[in-house]
Amino acid sequence: MSAIGIRIESVSKRFAHRVKGEVYAVRSVSLTVQPAELLTLLGPSGCGKTTTLRMIAGFEQPDSGRVFIGEQDVTGLMANQRNIGFVFQNYALFPHLSVFENVAYGLRVQRQPEGDISRAVSDVLALVGLQGYERQFPNQLSGGEQQRVALARAIVIRPRVLLFDEPLSNLDAKLRVHMRGELRELQKRLDITAVYVTHDQEEAMAISDRIAVMHHGAIVQEGTAEDLYRRPASEFVAQFIGRTNLLAGRVVSAGPGGIEVDVVGQRIRVSDEGTRAGLGQTVHLVVRPEVIELRPEDSGAGVPGTIVSRTFLGEKAEYEVRVGTDLLQVASYNPVQRGLFPVGQRVTLHFPTEGIQLLSEGSA
Amino acid sequence: MGGPAGRFLIRRSPCFLEASFVIGIAAMRANSWRRTLRDPALFATVVTLWALLALFILFPLANLLARTFIEGGHFTLANLGAILRDANHRQAFWNSLLLAALVGLCGTILGFLYAFTAVRANLSRAWITVLDAASLLLLISPPFTSAIAMIFSFGARGLITYHLLGIKGFTVYGLHSTLFSETFTYFPIAYLTLKPILHGIDPNVEDMAFSLGSSRWRVFRTVTLPLTIPGLANAFLLLFAASLADFATPLILAGNSFPVLPTQAYLQITGLFDLKGGAVLSFVLLVPALAVYLLQRFWVSRRYYVTITGKVGAQTAIKSVAPWARAPLLCACLLVAGVILYFYALLFYASVVVALGANHAWTWQHYRVIFTEGLKAIHDTLIIGGAGMPLGGLYGILLGYLVAKKIFPGRQAMEIVSMINYALPGTIVGIAYLIAFNDPPLVLTGTALIIVACYVFRYSPTGIRATVALLQQIDPSIEEASESLGASSGTTFRRITLPLILPAFFAGLGVVFIRSMTAISATIFLVSINWTLITVRILENMTELSLGPAAAFSVLVVIIVFVVIILISGLLRRFRAAGAVEMTSILGG
């Protein structure tokens, strides 16, 4: 069975709110997930990502809009008629059933013959690395093992699509990194379309083919991890994907190759991709902490500043540097070799002439 | 005891005030209708349950009100006026309130003494077990066990008054002994209400007061007691309601000089064959009963402070009771426990001697009597209890599941309606059933069904609440997981939810069975030549002064109930061991 995609068309969902009356959890969201693609819905809590996922699953009914799985309109179907695999944040294993019976549940509901069931269950348990766990009960398993059972239970029914609702957020940090690699590998191996919900941008960047960033019930930007990082469309995306300095500056020259912006007393060249900023206009630059280079004060040109704080993290050191009235974040990689600046030290900041992005929305 | 129904009312009512919100509610209503109609199993269950609730709760109650207020198709207050003009009835009304208030007061004090001693006096586990056992004994017995023991002790030929003290002409009948007997019968309710509250007061809070230089008495007065006041009010109201509803104790002990409403209503119907008078009297009883219930449920029970201290801090030795005060407190409690044990020992003794107070020769005669001419009552009771048990258990978890988990129109109304027969005094329920099912369209009088239905709809709320409590511990995603794996809501309920709420099922059916064995106030109106009950036979024996068989019957009931409780606790333990969810008590609520 080759993979099929998912399409949602201007889907909205309202909820009753105790104080505000009625609020939109999701407002007119449209989204296309390509066959065999892993798309992540990324956003802070309350942004509507889980509600969107639950509408794809059929746990919530949209107030308006349509949901398609493949070419089938599933908007009116209950979750049990959609043939999806859903993996929950808290695993949602059946506490009274053994690992075997948990995984076999969906097959038993389909009334498959006993022989097929036991074959399919052992195959899928082998796939997730849980052979020999058949007779254990959920409360005897570790968090990672429970999540593997949940995954096995979801994929054994050969669902058309896989939906993940923050599946790793209850695991500790190391296991989380390991499991996300396994999840991704499994999704590729099964050649299945997947929608993945998380609030962790690193997880999203690690696992996804494409990311849709959600904010206040709407999708604010879609693209690959690299797209979003390099060309954030808004301050929100710039701040949410990675860390960033958002610097206001005035356009001092504009030409066909790009524009020059006066920022903190220095002229920075920016490749202007279609923003058409005019001379004298105020624009915002997305300056990532790692592109700024710090040098000692006496190294000539550059913007002078003072180190305000320093956090040593091993592979990098993070500084806060005061430049005039602004406080800039600067990350310096390989600090052990390159040396650390003490707090209070006067330094110069050097911006690259390429690769700095203009925020496309006007004022942000 | 604050159930979800009340919480919903309180939580949601401010929303209704917002005009803009009304549209949203309407939209959601439409949505919930849509959802309900799309899920045939849910729809069918909701419709069936509403039909049952309407038939066995609303219809009888409506009949009772109609009988009271409608005469020849018109609304009238004449019936009510006629009853209230009768001085005897007015006296019964005030007597009922007086008795209930006194029982509330005495029972709460006794319950507090018990709870305070158990929680705060640093007793060993063994002593606490003794206190618990004594109060449990009362909770599971027929409510008039202590009344019978009172007659044995203080009656005309009473063991204590006549034989021990040689008093002749002592009248056991009246307020004093009814009060005494009801206080003993119902104080365990106060004990069970107050114990967790006292337990929930973090000893560190008291330590704090000690560290500020307070004396023990001052800490008790200014910290412990104020924190317990909502619990005391709650216990008082629960006891007030229990006494107001109690029928058997006053029937045995109150006598002619102290009429109360439930007995008046009973006599009006069985003695004077005046159904209408009985209906009106039970309406008069309904008003204070409902007021107390609403007060308890929606006001007092949400005024607990206990949780505010949050997590109980480091274990600290409890210092609330001075060493010299421990012994008197324990003695007082043991005295109470001693009286209870004495009651039961006396009951047993009376069942194995020829005639208590006259001929103390050993005999099995009374047991022979109850297993020959009384066999029908035993047989009927077991059949009725046995039939009510699975029905009540099923009804309890179905309704509990629906109101806790599903969104459908009229959900809150369903929960509230399901509690009505539980909240009302049994006399009212019994008379309402009698009126409703005596004439066409539905004649059930004289059948076992009417008794079974009465028990199921009156005593299942325990199961409903246990189900709701259990379901609140089960994450909704577990059912969604089942749904996403292709299971219909019916399959999900059968294979996932049902096994997880099985403890509530056992608790629910256990309570229905136990109450079928011990209750009398409602079903005394519903028994017939065809179907009778042990409790009714006990009462008949008491009035015929054949005390031996009455005692033997009572002992039998206590034994049956004990066996059932042990079986159910065993089942509960087994299912807890299987790893699902914990279930605290089968007697809660």
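So, here's what we can say about the structure. (Residues numbered from 1 in each chain as written. Chains lettered and ligands numbered in written order. Predicted model: local features only at pLDDT ≥ 70, side-chain atom pairs only at ≥ 80, totals over all residues.)

## Brief notes about the overall build of chain A
Next, step 1: When helices and strands are counted, chain A shows nine helices and 20 strands.
Next, step 2: In terms of overall dimensions, chain A has C-alpha extents of about 80 × 45 × 45 Å along its principal axes.
Next, step 3: Among the 364 residues that make up chain A, the fraction classed as buried is 40%.
Next, step 4: Contacts spanning at least 24 positions in sequence make up 64% of the contacts within chain A whose residues lie at least 6 apart. (Helix = DSSP H or I, 4+ residues; strand = E, 2+ residues; numbered from the N terminus. Buried ≥ 20, exposed ≤ 12 C-beta atoms within 10 Å, placed from the backbone. Contact = placed C-beta atoms within 7 Å.)

## Things to note about the overall build of chain B
Next, step 1: The helix and strand tally for chain B stands at 26 helices and four strands.
Next, step 2: Here chain B, with 589 residues, has 48% of them falling under the buried criterion.
Next, step 3: A sequence separation of at least 24 residues applies to 82% of the contacts in chain B between residues at least 6 apart.

## Let's talk about helix 22 (residues 476-484) of chain B
Next, step 1: Buried residues dominate helix 22 of chain B, accounting for seven of its nine residues.
Next, step 2: Along helix 22 of chain B, the positions that sit buried rather than exposed are B:Ile478, B:Glu479, B:Glu480, B:Ala481, B:Ser482, B:Glu483 and B:Ser484.
Next, step 3: In this structure, the buried residues of helix 22 of chain B make contact with helix 1 (49-57), strand 6 (84-87) and helix 2 (99-109) of chain A together with helix 23 (489-500) of chain B.
Next, step 4: With its phi angle positive at about 100°, B:Gly486 sits one or two positions after the end of helix 22 of chain B.

## Observations regarding the sheet that holds strand 12 (residues 258-263) of chain A
Where strands meet in a sheet, backbone hydrogen bonds hold them as pairs that are either parallel or antiparallel.
Residues and elements named next belong to chain A.
Next, step 1: Read from one edge of the open sheet, five strands run 13-12-11-14-20, paired in antiparallel fashion. Each edge of the open sheet is held by one strand with a lone partner, namely strand 13 (266-270) and strand 20 (357-358).
Next, step 2: Across five bridges, strand 11 (residues 245-255) lies against strand 12 in antiparallel orientation. Bridged to Gly255 within strand 12 is Gly258. (Pairing = 2+ DSSP bridges.)

## Side note on the interface of chain B and chain A
Next, step 1: Facing 25 residues of chain B, the contacting portion of chain A comprises 23 residues.
Next, step 2: Going through the elements one at a time, helix 2 (19-38), helix 22 and helix 23 of chain B are the ones with two or more residues in the side of chain B that touches chain A.
Next, step 3: With seven residues, helix 22 of chain B is the largest single contributor of residues to the side of chain B that touches chain A.

## Some details on the pairing of strand 18 (residues 326-333) of chain A
The two faces of the sheet receive side chains in turn, since in a regular strand these alternate between them.
All names here are of chain A.
Next, step 1: One ladder, built from eight bridges, connects strand 17 (residues 316-323) with strand 18; its direction is antiparallel. Looking across to strand 18, one finds that Val323 is bridged to Asp326.
Next, step 2: Between strand 17 and strand 18, which pair antiparallel in sequence order, lie two residues; one of them, Gly324, sits at a positive phi of approximately 60°.

## Digging into helix 3 (residues 114-127) of chain A
Next, step 1: Compared with the 20 Å implied by 1.5 Å per residue over 14 residues, the 20 Å span of helix 3 of chain A between its first and last C-alpha is a close match.
Next, step 2: Of the surrounding elements, those touching the buried residues of helix 3 of chain A are helix 2 and helix 4 (143-155) of chain A. (Expected span 1.5 Å × (residues − 1).)

## Regarding the environment of B:Leu164
Next, step 1: Structurally, the position occupied by B:Leu164 is in helix 8 (residues 159-164).
Next, step 2: Between the alpha carbons of B:Leu164 and B:Ser153 there is a distance of 9.5 Å; along the sequence they are eleven residues apart.

## Here's the deal with the sheet that holds strand 1 (residues 6-17) of chain A
Next, step 1: A sheet is described by the order of its strands in space; here four strands give the open sequence 2-1-4-5 (chain A), paired in antiparallel fashion. Pairing within the sheet leaves two strands with one partner each, and these edge strands are strand 2 (21-33) and strand 5 (72-73) of chain A.

## Description of the environment of A:Tyr319
Residues and elements named next belong to chain A.
Next, step 1: Considering the arrangement of structural elements, one finds Tyr319 in strand 17.
Next, step 2: On the basis of neighbour counts, which here come to 26 C-beta atoms within 10 Å, the residue Tyr319 falls in the buried class.
Next, step 3: Distance in space between the C-alpha atoms of Tyr319 and Leu53 is 38 Å, their sequence separation being 266 residues.
Next, step 4: Ignoring anything within four residues of it in the chain, the contact list for Tyr319 reads Leu294, Ile307, Ser309, Arg310, Val330, Ser332 and Phe341.

## Regarding the pairing of strand 6 of chain A
Residues and elements named next belong to chain A.
Next, step 1: Burial along strand 6 is two-sided: Ile84 and Phe86 facing one way and Gly85 and Val87 facing the other are all buried.
Next, step 2: Pairing of strand 6 with strand 7 (residues 161-165) involves four bridges; the strand directions are parallel. Each residue of the ladder has a partner; that of Ile84, found in strand 7, is Val161.

## Here's the deal with the packing of helix 6 (residues 125-139) of chain B against helix 9 (residues 175-200) of chain B
All names here are of chain B.
Next, step 1: Interaxial distance between helix 6 and helix 9 falls to 8 Å at its minimum, and their mutual angle equals 120°. The angle between the axes of helix 6 and helix 9 places the two elements in the oblique class. The two elements helix 6 and helix 9 meet at a crossing, and its hand is left-handed. For the pair formed by helix 6 and helix 9, the contact residues are Ser135, Leu138 and Leu139 on the first element and Phe184, Thr185, Pro188 and Tyr191 on the second.
Next, step 2: Residue composition of the contact of helix 6 with helix 9, by class: five nonpolar, two polar and no charged. (Axes fitted to C-alpha atoms, helices over the stretch in contact; angles between N-to-C directions. Parallel < 35°, antiparallel > 145°, perpendicular 65-115°, else oblique. Left-handed = near helix turned anticlockwise from the far one by under 90°. Nonpolar A, V, L, I, M, F, W, Y, C, P; charged D, E, K, R; others polar.)

Spatial relationships are all this shows, so hold off on functional conclusions.
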